Amino acid sequence: MNMRDSRSYALAGWRVAATTLAATALALSATAAHATPYTDPHAEPADLTSAAAEVPLDQISVTSTQVAFGLQRPTAMVAPDDGSGRLFITEKAGRVRIYHPASGLAEAALLDISDRVDTSGNERGLLGIATSPGFAADPAIYLAYTALPDGAVTLSRLPLEAADQQPVPADREEILLSQPHAEYANHNGGQLAFGPDGHLYWSIGDGGGADDVLGTGQDLGTLLGKILRLDVSAACGDLAYCVPTDNPFVDEAGARAEIWAYGLRNPWRFSFDPADGSLWIADVGQGSYEEVNHLRGVAGANLGWSCREGPVEFDPQRCDPAAEYVDPVFHYQTSVGGCAVIGGHVYRGSESAAAGTYLATDYCSATAYAIRPDADGGYDTAVIGELPIQPTTLAVAADGEFYLANDLPGQLHRITFEADEPDPVAECLVDYRVDSDWGSGFTVTVGVTNTGDEPIDGWSLGWSFAGVQQVAVAWNAVITQDESTVTATNAAWNASLPAGGRVEFGFLGSGGAGAGPAPAGFTLNGLPCDAAPTVTTG
């Protein structure tokens, strides 16, 4: 199936070569003409006490542990809010499976709607799942899938008699909304999530093909290429749901009132940060850039597709000079960093070092990308490891920890974060002063300051010459040299170096180029000094 130019891809929005990988290509881009600040009147005050993790991203690593296998092309996961500790996992063909850490992956399906799911083409199928807030008291399952006979993207609800009902009869299904999607089999979106305002958010792709051929990304008159916001707690008129009155386009002529954000290509995965309610959206690009967007309290954001792809202009004919496009907070080149970004979640689990860190990955490279807002309004990013190959979905369990499911391997993995122990350093500052240099010889004074809080009883300073310099005579230290490596050890009278104290020693050196380049770094008692040396001449 041709999804991007001449390349072939697979299920639910992952871009891959069809001969080796099967998955679905996703994409999600958005823009902010019409964007307005939004404050949810029902939201709890944000708890950001753990948001500003102090461990730098490059000192965090991520690892995975396989906990189950036997899934058949998993596409989405959710943890019901009922205290059971379960994960519900959707499979492309139309089944919902249950995983529990104590009992593993149940063979029997919780729910099976395969008789109504259109799986033609790699990107169609059962794509998304959400459970009602307060699932224990008012249990319901919401599904997003492509429906027979023509692939219409469909939102449905299945009320349960009790939170632990199993299996759930498929005939309990209530269709809430259906969007025609017959022209192309790709770009169906499919993410479902309840926001902090209690409303259900649903992503739908741009209708498929390539290059936004249907022109839906910037068209507010269609649900294609959008994220919707729905009140599913009631029905209004002929609708099986209500449109929240504060949706951004409720009063705009010709616009679909359900739209919350637009300018999307194929929004496969988005998520809300439980600490501040902000929305993170991963956008699979057309072929040049993968991107991650972050919306903080903005309604009606326009993320750019198909005027823009990632940080660059894609189709100038689709651009509006009056539009305000929201730029991604992170992007990478498709052909360099993988093939299709898979969005994840902001971590709020037990590992404090990773608190406030958004984790994303890529279907082809499985690179673990970490993104974290900084104190200046920007974002820190880092690669913090590699995850299992062909990841399709990440979920947050009831305990706040992450799980990952991968496509053809059909595995479930638990994700953990660790703060890497930084390499030990010595608290010291070295000043290296060339006092004289006459070509064939030179003299140097070296000062060593103990910048730590503890005294040093006995010291040894090491460095390497970059040239052919040789130490001939030393004073106030005993100096030995092995080729370019030099070690200066304290004399009997200056072995003690108190906190904040400083010692000086010197030497006479020789070499064809005189003093030559100064040493680039120093070690004190075998550990590198934590401060860069100062170098002076004359």
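Since the model is a prediction, treat every value here as computed from it, not as a measurement.

J.: Please explain the nonpolar core as it appears in this structure.
T.: Generally speaking, a soluble globular protein has its nonpolar side chains buried in company with each other. Ranked by internal contacts, the top residues of the largest apolar core, which has 27 residues, are Val446, Leu461, Trp463, Phe505, Phe507 and Leu524. Sorting the residues of this core by element identifies β33 (428-437), β34 (441-450), β36 (460-464), β38 (477-482), β39 (485-490) and β41 (502-510) as the ones contributing at least two each. Those residues in contact with Val446, other than ones at most four positions away along the chain, are Val430, Asp431, Tyr432, Leu461, Val503, Glu504, Phe505 and Phe507.

J.: What is the right way to read the state of the cysteines from this model?
T.: Two cysteines, two sulfur atoms, one covalent bond between them: this is a disulfide. Inspection of the entire model under this criterion finds four disulfides. Sulfur-sulfur distance for the disulfide between Cys236 and Cys242 comes to 1.9 Å. When the S-S torsion is 90°, as for the bridge of Cys236 with Cys242, the disulfide is right-handed. Its relative accessible area of 36% is what places Cys236 among the partly exposed residues. Classification of Cys242 as buried rests on a relative accessible area of 7%.

J.: Looking at this structure, I do not really get the side chain of Glu91. What am I missing?
T.: Within the secondary structure layout, Glu91 lies in strand β6 (residues 87-91). With relative accessibility at 2%, the residue Glu91 sits in the buried group. Engagement of the side chain of Glu91 in a polar contact is seen with the backbone nitrogen of Gln72, the distance being 2.8 Å.

J.: I keep staring at a negative patch on the surface and nothing clicks. Help me out?
T.: The grouping of Asp58, Glu418, Asp420 and Glu421 at the surface amounts to a negative patch. The residue Asp420 is located in the loop between β32 (411-419) and β33 in this model. Note on Asp420: relative accessible area 31%, which makes it partly exposed.

J.: Even after reading the chapter, I still don't get the pattern of salt bridges, so can you show me in this structure?
T.: Side chains that differ in charge, positive against negative, can pair when their charged atoms come close. Taken as a whole and judged by the stated rule, the model has 20 salt bridges. Between Glu161 and Arg172 there is a salt bridge whose closest N-O contact spans 3.6 Å. With Glu161 in the loop between β12 (152-159) and β13 (174-179) and Arg172 in the loop between β12 and β13, the pair connects residues that are eleven residues apart, well separated along the chain. On the basis of relative accessible area, Glu161 is assigned to the exposed category, the value being 64%. Residue Glu258 pairs with Arg256 through a salt bridge whose shortest N-O separation is 3.1 Å. When its relative accessible area of 5% is taken as the criterion, Glu258 is described as buried.

What counts as what
Residues numbered from 1 in each chain as written. Predicted model: local features only at pLDDT ≥ 70, side-chain atom pairs only at ≥ 80, totals over all residues. Heavy atoms only, no water. Core = buried A, V, L, I, M, F, W, Y, C linked by side-chain atoms within 4.5 Å. Buried < 20%, exposed > 50% of the residue type's maximum accessible area, 1.4 Å probe, protein only. Helix = DSSP H or I, 4+ residues; strand = E, 2+ residues; numbered from the N terminus. Contact = heavy atoms within 4.5 Å. Disulfide = S-S within 2.5 Å. Polar contact = N/O pair within 3.5 Å; in protein donor to acceptor, adjacent residues only side chain to side chain. Patch = residues over 30% accessible without salt bridge, like charges linked within 9 Å, V, L, I, M, F, W, Y side chains within 5 Å. Areas by Shrake-Rupley, 256 points an atom, 1.4 Å probe, with all protein chains shown as cover. Salt bridge = Lys/Arg side-chain N within 4 Å of Asp/Glu carboxyl O. Lys, Arg positive; Asp, Glu negative; His and termini not counted. Charge placed at Lys NZ, Arg CZ, Asp CG, Glu CD.

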